[in-house]
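# Residue-level structural notes
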Amino acid sequence: MSKPNIVVICSDQHHPAITGYRGHPFIETPNLDQLAAEGTYFSSAYSNCPVCTPSRMSFVTGKYPHQIDSWFLGCPLDREEMTWARKLDQAGIPTAMFGKMDFCGDYQDGGFTEYKIIKKRPAFKPYPRKTPLYSRLEGHVRADKRNHIVNAGVREDVVTDGDTGYNKDLGFYDHDRVVTEWAIDYLKRRGAEAEGVGDGDGDGDGQPWAMYVGLMFPHWPYKVPQAYYDRYFPDRVVLPHDAKFPNDGLHPQVRNMQNALGLGEITEDQLRNVIATYYGMITALDDNICRIIAELKAQNLYDNTYIVYMSDHGENLGEHGLFYKQCSYEASVGVPLIVKGPGLPAGQRIELPVSLVDLYPTLMDIAGLETEADRPGNSWLPLIRGEQQTGRGAYAFSEYHGNFFKQDWYMLVEDGFKYTYYVNDRPSLFNLREDPEEMRDLAQMQEYRELLSRFEAKLREIVDPEAVSLRAKSQLGLIGPNGEDYTLTMTDPQCKELIKQGVFEDELEFPKWEGPPGILIKE
């Protein structure tokens, strides 16, 4: 038997509870359900930052976003940061990346032995920014966010290369089809190599390898082929709770997010349409996962391969009158997480809070390598095996420094409670066991003051929230030369006017990719 291989499949924006194995009444995810039945799934898994780039830079380095200054889309990763891909490669375990990882700018390989990328993420230029990231200022509104919701539905029945075909009308269906084909080709190559060095049954003493597959579904635009849409529209949907547009019951910072999304009124018919589309995207995702698993089995690699399924963050999907991610509600910051591997228990659910920063030490554990002391995570394998694990805290940590929130936030989940600390604002506190829909904020109740104090003390053991906020704001152009915090003193319209006057340069919120079009390949 050869040493075990590793496959990490990461989707984008998958609501943590919208899977069959979590008991959803309508969603069709038979392949994820089977993977969960053969492995372990975590019901309290969290992103370390609920937006694409910081989440991914965190789980590829095994460090929290504030440890690597990954604040938002466009913030490049330091090339000197060790990634699990580079560390495995240096140990003689080749690593392959197919699809989205979201490195920013010229540095795209992250230490992977080989890669193919369709969707490229540019970096801010200049960076640190000189112009304020105006999406964090009072009065900012993104008009396209409502458009994605009201225009959700069936995509045109065409086939594209997944690159030129990506747009608001077609979405990422072709991206995922192409990336899945790349993953299958890689597995065929690995299967052939195993046949060549082994005893002919594909189970020889071949070199172990690790493959990362970055799929885009169910990330907006909410567009899906007709057959997937028809499985759910109009009645096979669960309408979201607290779906008020606008929602006066939100924390002031979260209400700022709702305002910035510019959603306006969203009707029940519109909700049914976008939710049915989103469900269809998840089932399309599940079908691609089926293709990858089928190829693992066809190449006689399945039984000797650790498989991790996860998402980089969740999707609010109308809950609390919100869409997209960014906030610390469960739908946004929570993620689905399944781990299956040789010798691991089957059909197991773990409720202890964990986060994606644990992926790095888990992969090191599988490979028999040491994890550096400055990585805050812990391997999932001892938890899965029911073993004692020295050093693992019983909490999950997340943070956010990007668009739609004027103020940075930090979250801790522990012992059934969720605490969110907002810089320059009051905290929030929810009892997830008694109030899983997070409808009753306990933070202003006298009887929870001691618990709030304990949470804040624990948070400050992990991070200095004000110091990190100042560093993040400074690098995003939100602190003036005299120390002025523009998130407190400037509005988005004022910033745009100062850009027109030439006080600030016209630095885009999302810079444009300056490299050549097409697929990026490293071989």
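One can find the structure itself at the top, above this paragraph.
As a starting point, this report considers the structure included with it. For clarity, every value in this text was computed on a predicted model and none was experimentally measured.

## Considering the pattern of salt bridges
- In the structure shown here, the tally under the stated rule is 38 salt bridges.
- Residue D102 pairs with R121 through a salt bridge whose shortest N-O separation is 3.1 Å. Of this pair, D102 sits in the loop between β3 (95-99) and β4 (114-117) while R121 sits in the loop between β4 and α5 (143-150), placing them 19 residues apart in sequence. By the burial criterion, D102 is buried, and R121 matches it.

## Re the state of the cysteines
- In this structure the tally under the stated criterion is 0 disulfides.
- A disulfide-free cysteine, C49 has its sulfur positioned 9.8 Å from the sulfur of C52, the nearest such atom.
- Cysteine C52 remains unbridged, with the sulfur of C10 as its closest cysteine sulfur at 9.0 Å.

## Observations regarding the nonpolar core
- Counting residues in hydrophobic clusters, the biggest one holds 117 residues, and the most contacted among them are F72, M211, Y222, Y279, F323 and L429.
- With 14 residues, the top contributor of residues to this core is helix α9 (residues 268-298).
- F72 has contacts with V51, T53, P54, F124, L133, Y400, G402, N403 and F510, leaving out every residue within four places of it along the chain.
- One finds F42, A45, I68 and L88 within the second-largest nonpolar core, a separate group that totals 43 residues.

## Examining the side chain of D435
- Take D435: it is sitting in the loop between β15 (428-431) and α13 (449-462).
- Among buried Asp, Glu, Lys and Arg side chains, D435 stands out as unpaired, with R440 the closest opposite charge at 7.0 Å.
- One polar contact links the side chain of D435 to the main-chain amide nitrogen of R440, over a distance of 2.8 Å.
- Sequence-distant contacts of D435, that is, excluding residues within four places in its chain, are made with F430 and R440.

## A few points about helix α8 (residues 252-261)
- Burial within α8 is extensive, with 7 of its 10 residues counted as buried.
- If you check which residues of α8 are buried, you get Q253, V254, N256, M257, Q258, A260 and L261.
- Buried positions along α8 lie against α5 and β14 (417-422).
- At the C-terminal side of α8, G262 shows a positive phi close to 55 degrees.

## Examining the sheet that holds β15
- Overall, antiparallel pairing links the 4 strands, which are arranged β12-β13-β14-β15 in an open sheet. Unpaired on one side and paired on the other, β12 (395-400) and β15 mark the two borders of the sheet. Across the sheet, the mean angle from the axis of one strand to that of its neighbour is 15 degrees, orientation sign disregarded.
- Here β14 pairs with β15 via 4 bridges, running antiparallel. Along β15, the bridge assignment pairs Y419 with L429.

## Digging into the packing of aromatic side chains
- Counting across every chain of the model gives 26 aromatic pairs.
- Plain terms: the ring middles of W220 and Y324 are 5.9 Å apart, the flat faces sit at 85 degrees to each other, and that makes the pair edge-to-face. With W220 in the loop between β6 (210-214) and β7 (223-224) and Y324 in the loop between β8 (305-311) and α10 (330-333), this pair connects stretches of sequence that are 104 residues apart. Just as W220 is buried, Y324 falls in that class too.
- Centre to centre, the rings of Y400 and F405 are 5.7 Å apart; their planes meet at 70 degrees, and the pair counts as edge-to-face. Note on accessibility: Y400 and F405 belong to one class, buried.
- A cation sits over an aromatic face here: R375 above Y360, 4.9 Å from the ring centre.

Cut-off values and rules
Residues numbered from 1 in each chain as written. Predicted model: local features only at pLDDT ≥ 70, side-chain atom pairs only at ≥ 80, totals over all residues. Heavy atoms only, no water. Salt bridge = Lys/Arg side-chain N within 4 Å of Asp/Glu carboxyl O. Helix = DSSP H or I, 4+ residues; strand = E, 2+ residues; numbered from the N terminus. Buried < 20%, exposed > 50% of the residue type's maximum accessible area, 1.4 Å probe, protein only. Disulfide = S-S within 2.5 Å. Core = buried A, V, L, I, M, F, W, Y, C linked by side-chain atoms within 4.5 Å. Contact = heavy atoms within 4.5 Å. Lys, Arg positive; Asp, Glu negative; His and termini not counted. Polar contact = N/O pair within 3.5 Å; in protein donor to acceptor, adjacent residues only side chain to side chain. Pairing = 2+ DSSP bridges. Axes fitted to C-alpha atoms, helices over the stretch in contact; angles between N-to-C directions. Phe/Tyr/Trp six-rings, centres within 6.5 Å; stacked < 30°, edge-to-face > 60°. Lys NZ or Arg CZ within 6 Å of the ring centre and 35° of its normal.

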